[in-house]
Amino acid sequence: MTAVHVPGTPAIEDGQLVSTSPATGVEAGRVPVTDPAEVAAAVERARAAGAWWAGLGFAGRRERLLRWRSLLARRIEQLAALVHDEGGKPVADAVVEIVTAVEHIDWAARNAGRVLGPRRVRSRLILAEFSGHLEYQPYGVVGVIGPWNYPVFTPVGSAAYALAAGNAVVFKPSEYTPVVGQWLVDSFAEAVPEHPVFTAVHGLGDVGAALCRSGVDKLAFTGSTATAKKVMAACAESLTPVLLEAGGKDAMIVDSDADLDAAAEACVWGALTNAGQTCIGIERVYAVEPVFDAFVDKVVERAGRLTVGADDADIGPITMPGQLDVIRRHIDDALTRGGRAVLGGADAVQPPYVHPTVLVDVPEDSAAVREETFGPTLTVNRVRDADEAVRRANALPYGLGGSVFGRERAVAIARRLRSGMASVNSALTFAGMSTLPFGGVGESGFGRIHGEDGLREFGRPKAITRRRARSLLPSMTFERTPGDVARLVKAVKLMYGRR
């Protein structure tokens, strides 16, 4: 395959993956392509390194992960510039992304021992002569397939937690942001030079498929729902467990008692940050009738002030050129079917950029409402009340995140959203909170990263019982007598037979 010259489109040239800016076409860097046949060998090398890494224990891993965290913090400007050069993301957005990743590394390193380490578990009366013990042992080698839209934050959300749990990690970055992925691996090697615990394999989809079939002990994937299904099918061949964070079509609900200025501010950020290329981005809004018009006016006023461009702009280019066609199709379909553009519209797509677009009165069965757009567009529809808003929000097969603005009923409404996460009177904030799990339901995937659940996701629970006394009610032995069985029956009736 020879290099192509569509800005931002990955190309393979002389055995190297060439990455270019989607805004300027300037080369951001190149990395060696991993032959699919070599992926399994990379996993075996990681397995040997992982044995050393697991042997360090929680304290040894904590010290080294914190060393990596500090290195990222010191070089935040360098990494942010690279994220901007390769993916087009505004530098300020890249800084926010890296800050959040640093926080997750810190939390995972500091809390892995507490969450996953050996602990005593209380036994019950029937087995009172035994003590129970629980610990979480590392899988061994975890494969991580990362996305291009958050090339630091998202893979770190899997890799840092997997590493803290004692696993080695083989990372396949997106072919649209391989240089950022390699930077993360190289920086880790600088902080932890002893063994190749965190390594990368590069290439197109065939390399990702090879990683699924490489013998990794678990695989964590972030990407589209369609690709997640392919990953799951490939991993099913060997019963390799998977963690899938797939697409989303997150909704915001604006209730009648909402602070409309705060809601509009959060909506514009949640919908348009990173040019709308956010799996947990707000793509739909349901505002109740009494506040609908005022809310739309405030959203349009704020979104209309945003700048679009390559440098020092609020909104950068669309990173994956092929996504421009999807965004254009969704806008055109909404307008054709009776929706109105109160900002942007049919002329918003100006490759490689898309200008902010706010659509109202869009039919619920349109592509702009039902399909993931992944661009700086937003549909805002009016509803009678919060109940109707919840029904519409839950009508899609996706279930990643969501947002609710209001006072009296907001938390209760958030609980009713069919989603893995929700923000009340804010947007996207659950992603940055390292103490909370992150993941979805339905076609948004399953499994969790971040928080205690995220640490447990990368450890196998190991249960151990230990006899500490003679059995008063022997049952699990052929030496039991009829009298033992009778006493067992009597004890159970006394303990559990009463209502």
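Residues numbered from 1 in each chain as written. Predicted model: local features only at pLDDT ≥ 70, side-chain atom pairs only at ≥ 80, totals over all residues. Heavy atoms only, no water.

*Asks:* Residues and numbers for unusual backbone geometry, please.
*Replies:* The omega torsion of the bond from Pro 351 to Pro 352 falls at 5°, within 30 degrees of zero and hence cis. With respect to the helices and strands, Pro 352 occurs in the loop between β14 (349–350) and β15 (353–354). The residue Asp 14 is not glycine, and still its phi comes out positive at about 55°. In this structure, Ala 275 takes a positive phi of about 55° despite not being glycine. By the element assignment, Ala 275 lies in the loop between α9 (260–272) and β12 (282–288). (Helix = DSSP H or I, 4+ residues; strand = E, 2+ residues; numbered from the N terminus.)

*Asks:* Report on the pattern of salt bridges, specifying residues and quantitative values.
*Replies:* Side-chain pairs of opposite charge can arise where the charged atoms are in close proximity. Counting across every chain of the model gives 34 salt bridges. In this structure, Asp 387 and Arg 416 form a salt bridge, with 2.8 Å as the shortest nitrogen-oxygen distance. With Asp 387 in helix α13 (residues 386–393) and Arg 416 in helix α14 (residues 410–416), this residue pair connects regions lying 29 residues apart in the sequence. Salt bridges linked by common partners bring Glu 63, Arg 64, Arg 67 and Glu 194 together as one network. (Salt bridge = Lys/Arg side-chain N within 4 Å of Asp/Glu carboxyl O.)

*Asks:* Tell me about helix α10 (residues 292–303), and please be specific about residues and values.
*Replies:* Taking 1.5 Å as the rise per residue, α10 with twelve residues should run 16 Å; its terminal C-alpha atoms sit 16 Å apart, in good agreement. Residues of α10 that are buried: Phe 292, Phe 295, Val 296, Val 299, Arg 302 and Ala 303. Projected down its long axis, α10 carries its buried residues within an arc of 135°, all on one side. Those residues of α10 hidden inside the fold are in contact with β11 (250–254), α9, β12, β13 (340–343), β16 (357–360) and β17 (377–383). (Expected span 1.5 Å × (residues − 1). Buried < 20%, exposed > 50% of the residue type's maximum accessible area, 1.4 Å probe, protein only. Arc of directions from axis to C-beta. Contact = heavy atoms within 4.5 Å.)

*Asks:* Which residues make up the state of the cysteines, and what are the values?
*Replies:* Under the defined criterion, the tally for this structure stands at zero disulfides. In this structure Cys 267 is a free cysteine whose sulfur lies 17 Å from that of Cys 279, the closest cysteine sulfur available. Owing to a relative accessible area of 12%, Cys 279 belongs among the buried residues under this scheme. (Disulfide = S-S within 2.5 Å.)

*Asks:* Can you lay out the side chain of Thr 225 for me, pointing to particular residues and giving the numbers?
*Replies:* Relative to the assigned elements, Thr 225 resides in helix α8 (residues 225–236). Residue Thr 225 is classed as buried on the basis of its relative accessible area of 10%. Discounting chain neighbours no more than four positions away, the residues touching Thr 225 are Ala 246, Gly 247, Tyr 398 and Glu 443.

*Asks:* Explain the packing of helix α4 (residues 91–116) against helix α5 (residues 153–164) to me, using residue names and the numbers behind them.
*Replies:* Relative orientation of the contacting elements α4 and α5 amounts to 15°, with a least axis distance of 9 Å. The angle between α4 and α5 falls in the class roughly parallel. The two elements α4 and α5 meet at a crossing, and its hand is right-handed. Two secondary-structure elements touch here, α4 through Glu 97, Thr 100, Ala 101, His 104, Ile 105, Trp 107, Ala 108, Ala 109 and Ala 112 and α5 through Phe 153, Val 156, Ala 160, Tyr 161 and Ala 164. Of the residues assigned to the contact of α4 with α5, the class counts are eleven nonpolar, two polar and one charged. (Axes fitted to C-alpha atoms, helices over the stretch in contact; angles between N-to-C directions. Parallel < 35°, antiparallel > 145°, perpendicular 65-115°, else oblique. Left-handed = near helix turned anticlockwise from the far one by under 90°. Nonpolar A, V, L, I, M, F, W, Y, C, P; charged D, E, K, R; others polar.)

*Asks:* Describe the sheet that holds β12, listing the residues and the values that go with them.
*Replies:* Spatially, the seven strands line up as an open sheet ordered β13-β16-β17-β12-β11-β18-β19, and their pairing is mixed. Strands at the two margins of the open sheet, each flanked by one partner only, are β13 and β19 (423–424). Note: β16 against β17, four bridges, orientation parallel. Bridge pairing in β17 links Leu 359 to Thr 379. Across the sheet, α9 lies against β11, β12, β17 and β18 (402–405), angled at about 170° from β11, the strand it touches most. Taken strand by strand, helix α11 (residues 323–336) contacts β13, β16 and β17, and its axis lies near 30° from that of β16. (Pairing = 2+ DSSP bridges.)

*Asks:* Summarise the packing of aromatic side chains; cite the residues concerned and give the values.
*Replies:* A complete count under the given rule lists ten aromatic pairs for this structure. Both rings, one in Tyr 150 and one in Phe 153, keep their centres 6.4 Å apart while their planes meet at 80°; by these two values the pair is edge-to-face. Side by side, Tyr 150 and Phe 153 carry an identical accessibility label, which is buried. For the ring pair Phe 171 and Phe 198, a centre distance of 6.1 Å and an interplane angle of 25° mean the geometry is stacked. Here Phe 171, found in strand β7 (residues 168–172), pairs with Phe 198, found in strand β8 (residues 198–200); they are 27 residues apart in sequence, far enough to count as distant. (Phe/Tyr/Trp six-rings, centres within 6.5 Å; stacked < 30°, edge-to-face > 60°.)

*Asks:* Tell me what's going on with helix α1 (residues 36–55), and back it up with residues and numbers.
*Replies:* Look at α1: 30 Å from first C-alpha to last across 20 residues, which is about the 28 Å you get at 1.5 Å a residue. The largest bend in α1 comes to about 25°, at Ala 49. Those residues of α1 that sit buried are Val 39, Ala 42, Val 43, Ala 46, Ala 49, Gly 50 and Trp 53. Looking at the buried side of α1, the elements it contacts are α2 (57–74), β6 (141–145), α5, β7, α6 (178–191) and α7 (205–212). Where α1 begins, the capping side chain belongs to Asp 35, and its oxygen is found 2.8 Å from the backbone nitrogen of Ala 37. Of the residues flanking the end of α1, it is Gly 57, one or two places downstream, whose phi is positive at about 75°. (Bend = angle between axes of the 7 residues up to and from the residue. Polar contact = N/O pair within 3.5 Å; in protein donor to acceptor, adjacent residues only side chain to side chain.)

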